[in-house]
There are 2 protein chains.
Amino acid sequence: MSKPVTAAVLMIGDEILSGRTRDINLQQIAQYLAPMGISVAEARIVRDEQPAIVAAVNELRGRYTYVFTTGGIGPTHDDITADAIAVAFGVDISEHPEALRILTERYEEAGTEFTPARRRMARIPHGASLIANPVSGAPGFQMENVFTLAGVPAIVRGMLEDVGHRLEGGEVARSVTVKAKGLREGDLAEALARLDTEYKTVSFGSYPWYRSPEDSGVSLIARGHERAALDKARDELAALVRAQGREPDIAEGES
Amino acid sequence: MSKPVTAAVLMIGDEILSGRTRDINLQQIAQYLAPMGISVAEARIVRDEQPAIVAAVNELRGRYTYVFTTGGIGPTHDDITADAIAVAFGVDISEHPEALRILTERYEEAGTEFTPARRRMARIPHGASLIANPVSGAPGFQMENVFTLAGVPAIVRGMLEDVGHRLEGGEVARSVTVKAKGLREGDLAEALARLDTEYKTVSFGSYPWYRSPEDSGVSLIARGHERAALDKARDELAALVRAQGREPDIAEGES
């Protein structure tokens, strides 16, 4: 089995920490990476403050194969991610000719004034390569194993298209989800622990949900690289649920 | 001005990192704490792995006034948060008499078998006090400045009711949000930077949204403790938006 390929997601922005905005980038980045065999192993959310960003970037880039940052690369005074990345890597930052060309053209076409604030978006840490932004022009950038993306989800989605080809993937894990509506974790815990001990190549997880007494249950997840073992695990999970008098709802995917 | 009171939220669970589940606990904890003058300054999501949990708990509890963990306190083999907290604090863990009493009664009332797996939920690190769970019985617990809560959002919400009275709040910050549909950050960046320099007690933020070319805009946020300054900042933000030919959408709240 090859070495696992891991990623960390670092979300930058007071608005997520305050609860005003609910993040969706972690989910979309994780789901983009899974089919490549890259799993997100940690995520952090920090404030728009340089020391916090620098410390997190430097911890995470040493620990995981790839790091993705989101947020803080726009034209306003609180957009400080590019400078923070430069500090984290100990390099200078200045206007990148290609980024400047992209932005100049973009605003010319739109008939919008290319203000000094907008021009800040051309500032890129030295040694970084650009990441195309098909939505609004202003590029992200890659610095070694760190990919700096926008914060707006639609733009992140677009930028990922110019990121995928730069990543070296790993072995793709597959997962099976067996949903058991009406059951509680305790109904299945012993049997699940037994399976987790028994299967060497499959890991088992259990995630309860509870929205109301009528809408509650458990999602059992089996995850692994070996197809045959995973199929067998799926059948055993489904049998566990049926043994409790419930009909399992089964879904499969990359994970 | 009093010392700022800060919190960190540590979410424990592979299912959030994989993107299968989209977290909502960060948002509900942040919104619960804001009216007490406690602001969430950092959040992390780690895997269901003891070393990752222990390291994060110990880093965060030294750095912030309060830490809230979510997830991993159920009856299944992958519920390892209580043990991880015990390791983080260097204390033993065993069945807590009051927790055992609550669980025994609960399962007796429900006519459900109180299995060994369910009994695991009575294991509490030594020195911790219980946090009541009005939804499903199994308690969370407080260990010094660390509050260990469930992962299911409805249960987290219930547990917070038994947490609030234990917290010492800070000065409550208020925020004003001025939404400008149809504008882009670059239209307002220079004026916003000027305001941010000019106002000593108000901080300004700018958060673009983009769902489609027709549904895009910028949310301008002003945040501070002084009512009069904040009112003035609100009026200036609204005027900026009107100067660009758009009608601002204004909301106020604690933050």
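Residues numbered from 1 in each chain as written. Chains lettered and ligands numbered in written order. Predicted model: local features only at pLDDT ≥ 70, side-chain atom pairs only at ≥ 80, totals over all residues. Heavy atoms only, no water.

How should the overall build of chain A be read in this particular structure?
The secondary structure content of chain A amounts to 9 helices and 12 strands. In chain A, which comprises 255 residues, the share counted as buried stands at 56%. In chain A, of all internal contacts separated by at least 6 residues, the share reaching a separation of at least 24 is 69%. When the accessible surface of chain A is split by element, carbon and sulfur atoms take 50% of a total near 10,700 Å². Side chains of chain A carry 28 positive and 37 negative charges; the gap between the two charge centres is 3 Å. (Helix = DSSP H or I, 4+ residues; strand = E, 2+ residues; numbered from the N terminus. Buried < 20%, exposed > 50% of the residue type's maximum accessible area, 1.4 Å probe, protein only. Contact = heavy atoms within 4.5 Å. Areas by Shrake-Rupley, 256 points an atom, 1.4 Å probe, with all protein chains shown as cover. Lys, Arg positive; Asp, Glu negative; His and termini not counted. Charge placed at Lys NZ, Arg CZ, Asp CG, Glu CD.)

What is the right way to look at the sheet that holds strand β11 (residues 216-224) of chain A in this model?
Neighbouring strands of a sheet are bound in pairs by backbone hydrogen bonds; such pairs are parallel or else antiparallel. Residues and elements named next belong to chain A. An order of β10-β11-β9-β12 is seen for the 4 strands of this open sheet, with the pairing classed as antiparallel. Because the sheet does not close on itself, it has two edges, and the strands there are β10 (202-210) and β12 (249-254). Adjacent strand axes in the sheet meet at a mean angle of 20° when their direction is disregarded. Taken together, the 6 bridges between strand β9 (residues 174-181) and β12 define a ladder with antiparallel strand orientation. Residue pairing across strands places T177 opposite A251, the latter belonging to β12. Lying on the sheet, helix α9 (residues 227-243) is in contact with β9, β10, β11 and β12; it crosses β9 at an angle near 5°. (Pairing = 2+ DSSP bridges. Axes fitted to C-alpha atoms, helices over the stretch in contact; angles between N-to-C directions.)

Explain the interface of chain A and chain B to me, please; I cannot follow it from the model alone.
Accessible area lost when the parts come together is the quantity often used to give the size of an interface. On the chain B side, the residues contacting the 61 residues of chain A number 61 residues. With both sides pooled, the region where chain A packs onto chain B buries about 4,900 Å², and carbon together with sulfur makes up 51% of that total. One salt bridge connects R118(B) with D187(A), and the closest N-O pair in it is separated by 2.7 Å. Counting the contacts that link chain A with chain B gives 22 residue pairs in polar contact (both at pLDDT 80 or more). (Buried area = accessible area lost by both parts, 1.4 Å probe. Salt bridge = Lys/Arg side-chain N within 4 Å of Asp/Glu carboxyl O. Polar contact = N/O pair within 3.5 Å; in protein donor to acceptor, adjacent residues only side chain to side chain.)

I would appreciate a short explanation of helix α2 (residues 25-33) of chain B in the present structure.
Helical periodicity: at 3.6 residues per turn, an α-helix aligns residues three or four positions apart in one direction. With 8 of 9 residues buried, α2(B) is to be regarded as a mostly interior element. Of the residues making up α2(B), those classed as buried are N25(B), L26(B), Q27(B), Q28(B), I29(B), A30(B), Y32(B) and L33(B).

Help me out: how do you make sense of the nonpolar core in this one?
One broad trend across soluble globular proteins is that nonpolar side chains are buried collectively. Ranked by size, the top nonpolar core spans 58 residues in total, and within it L33(A), F68(A), L149(A), L33(B), F68(B) and L149(B) carry the most contacts. Apart from the residues lying within four places of it in its own chain, the contact partners of L33(A) are A7(A), I38(A), V40(A), F68(A) and L167(A). (Core = buried A, V, L, I, M, F, W, Y, C linked by side-chain atoms within 4.5 Å.)

What exactly am I supposed to notice about the relation of the copies chain A and chain B here?
The relation between the two chain copies is a rotation about an axis coupled with a shift along that axis. When chain A is fitted onto chain B, the two copies agree to an RMSD of 0.0 Å after a turn of 180° and an axial shift of 0.0 Å. Taken together, the turn and the small shift mark the pair as related by a two-fold rotation axis. Relative to the rotation axis, the C-alpha of R44(A) is the closest in chain A, positioned 2.1 Å from it. (Least-squares fit on C-alpha atoms with pLDDT ≥ 70 in both.)

Teacher, can you tell me more about the pattern of salt bridges here?
Side chains that differ in charge, positive against negative, can pair when their charged atoms come close. Enumeration according to the criterion identifies 41 salt bridges over all chains in this entry. The closest approach of N and O atoms between R119(B) and E95(B), which form a salt bridge, is 2.7 Å. Separated by 24 residues along the polypeptide, R119(B) in helix α6 (residues 116-119) and E95(B) in strand β4 (residues 93-95) bring together distant segments of the chain. The exposure class of E95(B) is partly exposed, given its relative accessible area of 34%. The residue D235(B) makes a salt bridge to R234(B) at a minimum N-O spacing of 3.1 Å. For D235(B), a relative accessible area of 45% puts it in the partly exposed group. Here the salt bridges share partners, and the residues they tie into one network are R227(A), D231(A), R234(A), D235(A) and E252(A).

I would appreciate a short explanation of helix α9 (residues 227-243) of chain B in the present structure.
Residue and element names in this part refer to chain B. The terminal C-alpha atoms of α9, which comprises 17 residues, lie 24 Å apart, in line with the 24 Å expected from a rise of 1.5 Å per residue. Residues of α9 that are buried include every one of A229, L230, A233, R234, L237, A238, L240 and V241, and no others. Of the surrounding elements, those touching the buried residues of α9 are β9 (174-181), α8 (185-198), β10 (202-210), β11 (216-224) and β12 (249-254). Positive backbone phi, approximately 80°, marks G245, located one or two places after α9. (Expected span 1.5 Å × (residues − 1).)

Any chance you could explain the sheet that holds strand β2 (residues 38-46) of chain B here in plain terms?
Taken together, the 12 strands give an open sheet; going across it, the order is β6(A)-β7(A)-β8(A)-β3(A)-β1(A)-β2(A)-β2(B)-β1(B)-β3(B)-β8(B)-β7(B)-β6(B), and neighbouring strands pair in mixed fashion. Since the sheet does not close on itself, it has two edges, and those belong to β6 (129-133) of chain A together with β6 (129-133) of chain B, each with one partner. Between one strand and the next, the sheet's axes are offset by a mean angle of 20°, whatever the strand orientation. Here strand β1 (residues 5-12) of chain A runs beside strand β3 (residues 66-70) of chain A; their pairing, made up of 5 bridges, is parallel. In the sheet register, A7(A) faces β3(A), and the bridge partner there is Y66(A). Most of the contacts of helix α3 (residues 50-63) of chain A go to strand β2 (residues 38-46) of chain A, to which it runs at about 165°, and overall it touches β1, β2, β3 and β8 (146-149) of chain A. The strands touched by helix α5 (residues 97-110) of chain B within the sheet are β6 and β7 (137-143) of chain B, with β7(B) carrying the most contacts at an inclination of about 165°.

Honestly, the side chain of D23(B) in this entry has me stumped. Any pointers?
In this fold, D23(B) is placed in the loop between α1 (14-17) and α2. We note that D23(B) is buried and unpaired, the nearest opposite charge coming from R22(A) at a distance of 6.3 Å. Ignoring anything within four residues of it in the chain, the contact list for D23(B) reads R22(A), M11(B) and I16(B).

Sorry, what's going on with the environment of A243(B) here?
Tracing the backbone shows A243(B) in helix α9. Taking C-alpha positions, A243(B) is 16 Å from S219(B), a pair spaced 24 residues apart along the chain.

Can you walk me through the packing of aromatic side chains in this structure?
The description of two aromatic rings rests on the distance between their centres and on the angle between their planes. Applying the stated rule across the entire model yields 8 aromatic pairs over all chains. With a centroid separation of 5.4 Å and an interplanar angle of 20°, the aromatic rings of Y107(A) and F114(A) are classed as stacked. Given the relative accessible area of 22%, F114(A) is considered partly exposed. Look at Y199(B) and F204(B): their rings are 5.6 Å apart centre to centre, the planes differ by 75°, and that puts the pair in the edge-to-face class. An aromatic cluster of three or more residues is present, and its members are Y66(A), F68(A) and F147(A). The ring centre of F89(B) lies 3.8 Å from the NZ or CZ of R61(B), which sits over that ring. (Phe/Tyr/Trp six-rings, centres within 6.5 Å; stacked < 30°, edge-to-face > 60°. Lys NZ or Arg CZ within 6 Å of the ring centre and 35° of its normal.)

Which parts of the structure should I look at to understand the domain arrangement of chain A?
Looking at chain A, the domain boundaries give domain 1 (5-166) and domain 2 (174-254). A straight line from the C-alpha centre of domain 1 of chain A to that of domain 2 of chain A covers 37 Å. (Domains from an automatic or database assignment.)

Honestly, unusual backbone geometry in this entry has me stumped. Any pointers?
Most peptide bonds take the trans form, and the phi angle of most residues other than glycine is negative. Residue and element names in this part refer to chain A. The phi torsion at E144 lies on the positive side, around 50°, for a residue other than glycine. Note on placement: E144 falls in the loop between β7 (137-143) and β8. Using a relative accessible area of 55% as the deciding quantity, one classes E144 as exposed.

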